[in-house]
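Coordinate analysis (summary)
Each chain is listed here by its residues.
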Amino acid sequence: MVKMDRRIAKTQEALKKAVIELMSEKSFDEITIQDIADQANLNRGTIYLHYQDKYDLLDKLIESHMNELGEMDEWACQLDWSSGLVPFFEYFEKNHLFFSTMLASKGAPSFRTRFLNYVMEGFSGEIDRESGSNDDLNEDIMLQYTGTAYVGIIEWWIRNEMPYPPQIMAEQVGALLKRSL
């Protein structure tokens, strides 16, 4: 794997941060390439060296977060619910500006759908089929219910300025998910 030049990584990080900061202030449709360049303190042409347009920048930003969450899935799913959710809530806390902006933004409504689908896919392998407690329940309904509840609690937590630490959120939500799945 080829390591990315630190200057390129720093520039891309500045651009991603700039677009999120701008989206917290105004609609994505209202944001121009010049706005992003000004916010990142870069030349407008620099953006085009890294991204086709502002939509490509937003897509790459979303993709990077989804990939990071996916990497955590690989090892967190081996833990019990509460322990496995702690790193996710810590990640949401660390990246609260991104998640609060993306979940609240009218300019990126596809993010919530994409995030919900990611969550439901992850939960699909967690349904308890051995105890018999879910025998009479439809898998699609269970996944929609738990996925929507999980995404909703993350939205609530972030919008309310994270009133509980990640560990408490993980314990509480983990207990609820264990009951539901």
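In what follows, the structure referred to is the one given above.
To start, this report covers the structure provided alongside it. (Residues numbered from 1 in each chain as written. Predicted model: local features only at pLDDT ≥ 70, side-chain atom pairs only at ≥ 80, totals over all residues. Heavy atoms only, no water.)

Attention now goes to the packing of aromatic side chains. The geometry of an aromatic ring pair comes down to the distance between the two centres and the angle between the two planes. On inspection of all chains with the given rule, the structure shows 16 aromatic pairs. Considering the side-chain rings of F89 and F92, the 5.8 Å spacing of their centres and the 90° angle between planes classify their relative orientation as edge-to-face. Residue F89 and its partner F92 are both found in helix 5 (residues 81–94); the two are separated by 3 residues, about one turn of the helix. Take F89 and F92: they sit in the same class, and that class is buried. One aromatic cluster is present, formed by W81, F89, Y91, F92, F98, F99, F111, F115, Y118, F123, Y150 and W157 through successive ring pairs. (Phe/Tyr/Trp six-rings, centres within 6.5 Å; stacked < 30°, edge-to-face > 60°. Helix = DSSP H or I, 4+ residues; strand = E, 2+ residues; numbered from the N terminus. Buried < 20%, exposed > 50% of the residue type's maximum accessible area, 1.4 Å probe, protein only.)

Moving on: the nonpolar core. The biggest cluster of nonpolar side chains holds 53 residues, and the ones touching the most others in it are L69, F89, F92, F99, F115 and Y150. Elements supplying a minimum of two residues to this core: helix 1 (6–23), helix 2 (33–40), helix 4 (54–76), helix 5, helix 6 (96–104), helix 7 (109–124), helix 8 (139–159) and helix 9 (166–180). Looking at which element gives the most residues to this core, the answer is helix 4, with 8 residues. Setting aside anything within four residues of it in sequence, one finds F89 in contact with Y150, I154, W157, P166, M169, A170 and V173. (Core = buried A, V, L, I, M, F, W, Y, C linked by side-chain atoms within 4.5 Å. Contact = heavy atoms within 4.5 Å.)

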